[in-house]
Amino acid sequence: MARWCYRHRLVVLVLWVGALLGLGTAGTTAGTDYANVFSLPDTDSKTAYDQLAQAFPERSGDTDTIVWKTGEGSVRDRAVRARIEPALKDIAGMKGVGEVAGPYGRAPGQISADGTIAYAQVTFAEQANEVPKELVQDVVDRARAAARDGLQVEAGGQAVTRTQEPPQGLSEAVGIAAAAVVLFLAFGSLFAMLLPIVVAVMGVGTGLMSTALLSHVTDVPEVAPLLGSLIGLGVGIDYALFIVTRHRKGIERGLEPEESAVQALNTSGRAVLFAGGTVCIALAGMLVMNMRFLDGVVVATSLTVVLSVLAAITLLPALLGLLGPRVLSRRRRRRLAAQGPEPAEASGLAARWSAYVQKRPRTIGAAALVVMLVLAIPVLSLRLGATDQGNHKESTTTRQAYDLLAEGFGPGFNGPLQVVVAGGADASDLVARIRTTEGVAQVAAAPPAHGISVVQVVPTTSPQSVGTDELIDRLRDDVIPRAGVEAHVGGVTAVFKDFAAVTGERLPYFVGTIIALGFLLLLVAFRSLVVPLTAALMNLIAAAASFGVLVAVFQWGWGAEALGLGKEGPITAFLPVIMLSLLFGLSMDYQVFLVSRMHEEWVHTRDNARAVRVGLAETSRVINCAALIMVCVFSAFVLSGDMEGAMAGIGLAAAVALDAFVLRTALVPAAMHLLGRANWWLPRGLDRRLPHLAVEPRETPAPPAPPAAAGAAAGATVVHGFLRTPEGAPWPGASVTLISQGGRQLDRVESLADGSYIVAVPAPGGYTLAVTGRHLRSVARHVTVGTEPLVHDMELREEAGTDAAVQ
């Protein structure tokens, strides 16, 4: 397939551009129909919400707040009322607004004790995510227009928060720009830098368009495109980076661009397919949580990953065909022409580090483990909950409104609880008991209607406080049962508490599922028990360390102000599920790319020390480069304007950095050196029962031996011959390199004065013979070697001429 895409590059390019434009046109015409299906079946807060929505449909929508404060006098003054009341009346008449409950005349309790702060409640007809953003912005603008010197007017609530989101695509654009800088520094070539970005943009673009169309036939939450672009950009750039790096290395080692591209896809491309599968499996693990809104997230993110992989294995070889040798910088092309192919063994800093790890595995492994464990310490304080307007930046209107309400009515006012009493039962005894309950600041019971009584409870503590969680438990487990009525505790604070509890209960099953699936995949791929066990343990360590960083930054507030992230608070309840899915998927990516190269070397040499050393030396640089790109992309989501997006971005950036720079570069190779040949142990009985799923390509088998040589043993042999010009003159000093079908350089010699050469072949099979040199256009030939020496003469041409046809 890679060869077909390389040779039919224009066809492939037209198909991809056509698919992107077609999906874009269809998506623009059909629009989007994202469904907000956030719900927690069989929870107390969900029951309360359902009963409230059934009895009071006009009150089931999102309730936001307009709050004002006067610097002098009282909010009851005629001058203040003359500005506020017309604005509230205007808002109440807007289509999509259910009702506006103000403090003047109807609800004197909406004015603070000192008379300087008051608020009005604006109830929309729908939930926050379903209210049109234009309507909410209009409400905010009309409310804030009433402000003047000495009169501060702010707006808060879930719907208002959406109006403060930055323009869509900002974080993606910043992430792509940062990735472009890293790629240019890594490749030193503008064309090579553009390849991974074009592939990622195509994959993400078609993925997002497909997700928009898919929203018409299934429930896809509004957060799904954000997460799809987050993971799609990261894996799309990384997968293309791995293949392009292998392709460039093949050209530098003497292969023709087409042969190099085919081998890159046959080696790194296989690893990309396998890695993409592991990411999708990790994402599918979210289905174990049995939460409806996560189903749409799984569909959207998995679809984007699949299309990113498809772009990497089809579009990328076509683009490589368009570029040819220009995938290398001019400096590298000149050096290749002057000095010939690079040696098979990796050199430079990566090779020196790999040798250092081999010499001191205990010291390096212990140091890396200590670093990860120290960073994981904060995870012991992890507390799941929900962020709210109190965590926003101080400059936002939602944060100002939140602080004004806390100042005027107490910290618990921003997270009231709703106790819903069904069946027409008398709620007077329950109200009296709640009023005397520890942790309750205020109780207000609405008149019964439609067989439902609603009691609003204001805690003495803030919504994110542990004391508020304890109050909810106290009401459910003690107060309500003693009152002898059927009642349920609802409200936003109760919903997120229930969500945190459900997440905590199901998280072990989720983690166990994705670890087990990842273990089985690696077991089948690498025919080893130790490699997947090591990967599972490393993934758990990476998860603990990354969540430790998350707790330190967002829950403890270390560095939050410097990053402009707002006030500290608990970790959003659904974040661990999404983060762990992405983290385990990406960690498996790096494990596959690292260990597949080690396994390839192990299969050929059966030398564990060499396999680990060569694998680390040849992949650490590209893994670190890929991780740096991921860190840039994920960190850019701090600009999304969403606290959950910022948490996911910082958490994933920390996870990828620790995984690549500490685990895969130090701890994993150190552990594999210490384990020795045990890395590749697999019981024979299990080996026979497991299906064969090769991450590396198999070498081409040797042809059947001729009858005369039938009794000869299959062993090492040689390929020899003469290098001549078209006129028949010898071509001395040319480099002749024998390369396996897996891309490994096996032998390299220089032709003698008479143009003769001889290279050693380790065993019968299919190989590539590459010839390079000064003023010589490189030549690559397929050769199939049996048990006898193979004579293979080649005709060479000057660099400006055309290459001889492949024999």
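All figures in this text were calculated on a predicted structure; none of them were measured in a lab. (Residues numbered from 1 in each chain as written. Predicted model: local features only at pLDDT ≥ 70, side-chain atom pairs only at ≥ 80, totals over all residues. Heavy atoms only, no water.)

Asker: In this structure, what is going on with the overall build of the chain? I would like to understand it.
Answerer: The helix and strand tally for the chain stands at 23 helices and 18 strands. Residue pairs at least 24 apart in sequence account for 77% of intrachain contacts in the chain once pairs closer than 6 positions are excluded. (Helix = DSSP H or I, 4+ residues; strand = E, 2+ residues; numbered from the N terminus. Contact = heavy atoms within 4.5 Å.)

Asker: Any chance you could explain the environment of Pro459 here in plain terms?
Answerer: Tracing the sequence through the fold places Pro459 in strand E8 (residues 453–459). Of the residues examined, Pro459 reaches a relative accessible area of 2% and is grouped as buried. For the pair Pro459 and Gly439, spaced 20 residues apart in sequence, the C-alpha separation works out to 5.7 Å. If near-sequence neighbours (up to four positions away) are discounted, Pro459 is found in contact with Gly412, Gly415, Pro416, Leu417, Gly439, Ala441, Thr468 and Leu471. (Buried < 20%, exposed > 50% of the residue type's maximum accessible area, 1.4 Å probe, protein only.)

Asker: How do you make sense of the packing of helix H17 (residues 466–483) against helix H18 (residues 492–526) when you look at a structure like this?
Answerer: What describes two packed helices is the angle between their axes and the distance between those same axes. The contact between H17 and H18 brings their axes to 11 Å, and the two run at 90°. Classed by the angle they form, the pair H17 and H18 counts as roughly perpendicular. Facing Thr468, Asp469, Ile472, Asp473 and Arg476 of H17, the residues of H18 in contact are Thr493, Ala494, Lys497 and Asp498. Here the residues of the contact of H17 with H18 are counted per class, giving 2 nonpolar, 2 polar and 5 charged. (Axes fitted to C-alpha atoms, helices over the stretch in contact; angles between N-to-C directions. Parallel < 35°, antiparallel > 145°, perpendicular 65-115°, else oblique. Nonpolar A, V, L, I, M, F, W, Y, C, P; charged D, E, K, R; others polar.)

Asker: I tried to follow the packing of aromatic side chains on my own but got confused; where do I start?
Answerer: Two numbers describe a pair of aromatic rings. These are the distance of the centres and the angle of the planes. Under the defined criterion, the tally for this structure stands at 8 aromatic pairs. Ring pairs connect the aromatic residues Tyr119, Phe409 and Phe413, which therefore count as one cluster. Positioned above the aromatic ring of Tyr6 is the side chain of Arg9, whose terminal nitrogen or guanidinium carbon lies 5.4 Å from the ring centre. Sitting above the plane of the Phe191 ring, Arg326 keeps its charged end 5.5 Å from the centroid. (Phe/Tyr/Trp six-rings, centres within 6.5 Å; stacked < 30°, edge-to-face > 60°. Lys NZ or Arg CZ within 6 Å of the ring centre and 35° of its normal.)

Asker: I keep staring at the packing of helix H8 (residues 190–214) against helix H9 (residues 224–252) and nothing clicks. Help me out?
Answerer: Close contact between H8 and H9 brings their axes to 8 Å; oriented N to C, the two are set at 145°. Here the hand of the crossing between H8 and H9 comes out right-handed. Residue-level contacts link Ala192, Leu195, Pro196, Val199, Ala200, Val204 and Leu208 of H8 to Pro225, Ser229, Gly232, Leu233, Gly236, Ile237, Ala240, Leu241, Val244 and Arg248 of H9. Considering only residue class, the contact of H8 with H9 consists of 13 nonpolar, 3 polar and 1 charged. (Left-handed = near helix turned anticlockwise from the far one by under 90°.)

Asker: Looking at this model, I keep getting lost on the pattern of salt bridges. Mind explaining?
Answerer: When their charged atoms lie close together, side chains carrying opposite charge are able to pair. Across all of its chains, the model carries 20 salt bridges by this definition. Between Glu407 and Lys69 there is a salt bridge, with the nearest N and O atoms lying 3.1 Å from each other. Here Glu407, found in helix H15 (residues 397–409), pairs with Lys69, found in strand E1 (residues 63–70); they are 338 residues apart in sequence, far enough to count as distant. For Lys69, a relative accessible area of 24% puts it in the partly exposed group. Here Glu601 ties to Arg597 by a salt bridge, and the two come within 3.2 Å at their closest N and O atoms. (Salt bridge = Lys/Arg side-chain N within 4 Å of Asp/Glu carboxyl O.)

Asker: Whenever I open this one, helix H22 (residues 643–675) confuses me. Can you help?
Answerer: Two residues of an α-helix separated by three or four positions point the same way, owing to the 3.6 residues in each turn. Leu663 marks the point of greatest bend in H22, at about 50°. For H22, the buried fraction is high: 29 of the 33 residues fall into the buried class. (Bend = angle between axes of the 7 residues up to and from the residue.)

Asker: Looking at this structure, how should I read the sheet that holds strand E7 (residues 440–445)?
Answerer: Strand-to-strand pairing in sheets goes through backbone hydrogen bonds, with the strands running parallel or antiparallel. Spatially, 4 strands are ordered E7-E8-E6-E9 in an open sheet, and the strand pairing comes out antiparallel. Looking at which strands have only one partner, the edges of the open sheet turn out to be E7 and strand E9 (487–490). Looking at each pair of strands side by side, their axes are set apart by 20° on average, direction ignored. Bridge analysis of E7 against E8 gives 5 bridges, and the strand direction is antiparallel. Bridging across to E8, Ala445 finds its partner in Val455. Of the strands in this sheet, strand E6 (417–421), E7, E8 and E9 are in contact with helix H16 (residues 428–435), which crosses E7 at around 165°. In the packing of H17 onto the sheet, the strands contacted are E6, E7, E8 and E9, and the crossing angle to E9 comes to about 175°. (Pairing = 2+ DSSP bridges.)

Asker: Help me understand the sheet that holds strand E15 (residues 765–773) in this model?
Answerer: Spatial strand order, E13-E12-E15-E16: 4 strands in an open sheet with antiparallel pairing. Because the sheet does not close on itself, it has two edges, and the strands there are strand E13 (745–750) and strand E16 (776–785). Across the sheet, the mean angle from the axis of one strand to that of its neighbour is 20°, orientation sign disregarded.

Asker: How should I be thinking about H8 in this particular structure?
Answerer: An ideal rise of 1.5 Å per residue puts 36 Å on 25 residues; H8 measures up with 36 Å between its terminal C-alpha atoms. The backbone nitrogen of Phe191 lies 3.5 Å from a side-chain oxygen of the residue at the head of H8, namely Ser189. (Expected span 1.5 Å × (residues − 1). Polar contact = N/O pair within 3.5 Å; in protein donor to acceptor, adjacent residues only side chain to side chain.)

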